[in-house]
Amino acid sequence: KEDLSRGVMYFAGRDHLLRPALVLRPARLPDSWMANRTLATGRIIRLLVFCLEYMLQYMLAPGRVESGIILLDMANLSIAQLPFGVLRSIFS
């Protein structure tokens, strides 16, 4: 619950094709997480898995082939602040 309340990851409704839209905002990662990259990676992956399981359970129609989208909002980050290691581990 605490990790969700930070706004690092949240559902923003649906897009124009009615797919659930999950937004990732790395700028909202707490500095305490970024001090330990392995801890940050683990927490972000755990949060992502929770959100995807929630989407599968509550936002998709059972028995139908559906998809969702993930939006990566890089606003308020400079190129030096981009958490490449964390993002690479999420999307690999």
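We now turn to the structure provided with this report. Keep in mind that this is a model prediction, so the values were computed, not measured.

Describing the pairing of strand 2 (residues 20-24)
- Taking burial as the measure, the five residues of strand 2 include five buried ones, the bulk of the element.
- Side chains of strand 2 alternate between two faces, with P20, L22 and L24 and A21 and V23 buried alike.
- The sheet contact formed by strand 1 (residues 9-14) and strand 2 spans four bridges and is antiparallel. Residue pairing in the sheet places Y10 in a bridge with V23 of strand 2.
- The hairpin turn running from strand 1 into strand 2, its antiparallel successor, is five residues long, and L18 in that turn takes a positive phi close to 65°.
- Alignment of strand 2 against strand 3 (residues 69-72), held across four bridges, turns out to be parallel. Along strand 3, the bridge assignment pairs L24 with L72.

Digging into the pattern of salt bridges
- Scanning all chains against the criterion turns up four salt bridges.
- A salt bridge links R43 to D3, with the shortest nitrogen-to-oxygen separation between them at 2.6 Å. Of this pair, R43 sits in helix 3 (residues 37-59) while D3 is found in helix 1 (residues 2-5), placing the two residues 40 residues apart along the sequence.
- With a closest N to O distance of 3.0 Å, D73 and R25 form a salt bridge. Within this pair, whereas D73 is found in the loop between strand 3 and helix 4 (84-91), its partner R25 is found in the loop between strand 2 and helix 2 (31-35), the two being separated by 48 residues in sequence.
- The class of R25 is buried, set by a relative accessible area of 15%.
- Here the residues in one salt-bridge network are D3, R43 and R46, joined through shared partners.

Cut-offs used in this document
Along each chain, residue indices are assigned from 1 in the same order as the chain's sequence is written. Reporting of local features is limited, given that this is a predicted model, to residues whose pLDDT is at least 70; pairs of side-chain atoms are given and counted only at 80 or more, and all residues count toward the totals for whole chains, interfaces and linings. With hydrogens and water stripped out, all remaining heavy atoms of the structure feed into the side-chain values. Type-normalised accessible area, obtained with a 1.4 Å probe on protein chains alone, sets the label of each residue: buried when under 20%, exposed when over 50%, and partly exposed for intermediate values. Elements are defined by DSSP. Helices are runs of H or I of four residues or more, strands are runs of E of two residues or more, and each kind is numbered from the N terminus. Here, strands pair whenever DSSP counts at least two bridges between them. Here a salt bridge means any side-chain nitrogen of Lys or Arg lying within 4 Å of a carboxyl oxygen belonging to Asp or Glu.

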